[in-house]
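# Residue-level structure breakdown
Letter by letter, the chains look like this.
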Amino acid sequence: MTTIWIDGKYYDRDSAKVSVFDHGLLYGDGVFEGIRAYNGRIFRLDAHLDRLYDSAKAINLDVPLTRAEMQAMVAEAYATSKMQDSYIRLVVTRGVGDLGLDPRKCVRPTTICIVDTIRLWPQDRYDRGLICLTAATPISHKENLSPRVKSLNYLAHILGKIEGIAASVDEVIMLDSAGFVAEASGMNLFSVSDHSVRTPPPYSGILRGVTRDAVLELAQEAGYGTVEIPQNRYDLYTADEVFLTGTAAEVIAVTKLDGRTIGSGSPGPVTRDLAARFKALATRGD
Ligand code: PMP
């Protein structure tokens, strides 16, 4: 059952509320995580908490719970929900302030944990792959709002998504401000050429996905070459395979980009292998 924890108390979907003076709402001032649990186990909670605390540090936000308290709270909220497979959204905002943006007016950050479910794509998109378009809107410049911060400010990615919706495609590929391909609206990007699995490096300004890191490990275990390297659209158009990774979507192929058919036009063998390996890893619970 959907279970929501806010600053020490449990609520259901209808009773869970935050203040209209919360700077998470007013200014997008806060950070979050999207986490999955499979078969009663939370997948890579440590990696998600590392990223949450790093994101908070980067925006100078003191998380009111220690890491151990946060870990225990997430585990308790998940157990309380009695859901086996779930999507857990952890949010820490600057807290309740006034209508000015000064964060000093926010006395205490707000911590929220929502245990629910999510499904991004229907099965046919996994079977045939996604049709994508390069968005005209780039992700944030890395020295402005670092894309490595998983912040509550997702407007660049949402504007990209809106471009994709307007063009009736499934998903968008977003560029960074240097013109390299960066990520999808909420997923990391990989290409496969000559059995080598390639993905942009985090320092180039992307969110370092927990799924991305797991897939890189799995690719190495499977004996594929892996390389973290900046790429441009040419590299994707001419790749054997392109796929996307994320907590909600797991591993999903891109079979068309900007009107070009990628590889054979169907999800390729490396993508399918890594998707199966990821599913096995996640459901095993490491
Ligand atoms: N990039 C962006 C912009 C995202 O929002 C996400 C989803 N958190 C990802 C990449 C994938 O990260 P993860 O594998 O940790 O879900």
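Our subject is the structure that appears above.
To keep things clear, this report deals only with the structure shown in the data block. For every chain, the first residue of the written sequence is number 1, and numbering continues from 1 onward in sequence order. Only residues with pLDDT of 70 or above have their local features reported here, since the model is predicted, and side-chain atom pairs are shown and tallied only from 80 upward, although totals for entire chains, interfaces and linings are computed over all residues. Working from all heavy atoms in the structure, the side-chain values ignore hydrogens and water.

A side chain with one charge may pair with a side chain of the opposite charge, provided their charged atoms come close. In what follows, salt bridge is the name for a side-chain nitrogen of Lys or Arg lying within 4 Å of a carboxyl oxygen of Asp or Glu. Under the defined criterion, the tally for this structure stands at 19 salt bridges. In this structure, Glu 250 engages Arg 36 in a salt bridge whose closest nitrogen and oxygen atoms are separated by 3.3 Å. Remark: Arg 36 occurs in strand 3 (residues 30–38) and Glu 250 occurs in strand 14 (residues 250–257); sequence separation between them is 214 residues. Like Glu 250, the residue Arg 36 is buried in the burial classification. Across the salt bridge formed by Asp 46 and Arg 67, the nearest N and O atoms sit 3.0 Å from each other. On the criterion of sequence distance, the pair formed by Asp 46 in helix 2 (residues 45–58) and Arg 67 in helix 3 (residues 67–81) is long-range, its members being 21 residues apart. According to the relative accessible area criterion, Arg 67 is partly exposed, its value standing at 28%. Through salt bridges that share partners, Asp 124, Arg 125, Arg 128 and Asp 170 make up one connected network. Comment: elements are numbered from the N terminus, with helices defined as DSSP H or I runs of at least four residues and strands as E runs of at least two. Type-normalised accessible area, obtained with a 1.4 Å probe on protein chains alone, sets the label of each residue: buried when under 20%, exposed when over 50%, and partly exposed for intermediate values.

Any pair of Phe, Tyr and Trp rings, taking the six-membered ring for Trp, is counted once the centres come within 6.5 Å. Such a pair is stacked with planes under 30 degrees apart, edge-to-face with planes over 60 apart, and tilted for the rest. Within this structure, the stated rule accounts for 4 aromatic pairs. Measuring from ring centre to ring centre gives 5.4 Å for Phe 32 and Tyr 154, while their planes differ by 65°; the resulting arrangement is edge-to-face. Of this pair, Phe 32 sits in strand 3 while Tyr 154 sits in the loop between strand 7 (130–134) and helix 5 (155–166), and the two are 122 residues apart along the sequence. With centroids separated by 6.3 Å and ring planes inclined at 90°, the aromatic side chains of Tyr 38 and Phe 43 adopt a geometry described as edge-to-face. As far as burial versus exposure is concerned, Tyr 38 and Phe 43 are alike and both buried. Here the aromatic residues Tyr 38, Phe 43 and Phe 278 are joined through ring pairs into a cluster of three or more. Between Arg 260 and the ring centre of Tyr 237, over which it is positioned, the NZ or CZ distance is 4.1 Å. We call a charge positioned above a ring when the Lys NZ or Arg CZ atom is no farther than 6 Å from the ring centre and deviates by at most 35 degrees from the ring normal.

None of the figures reported here should be taken as evidence of function without further support.
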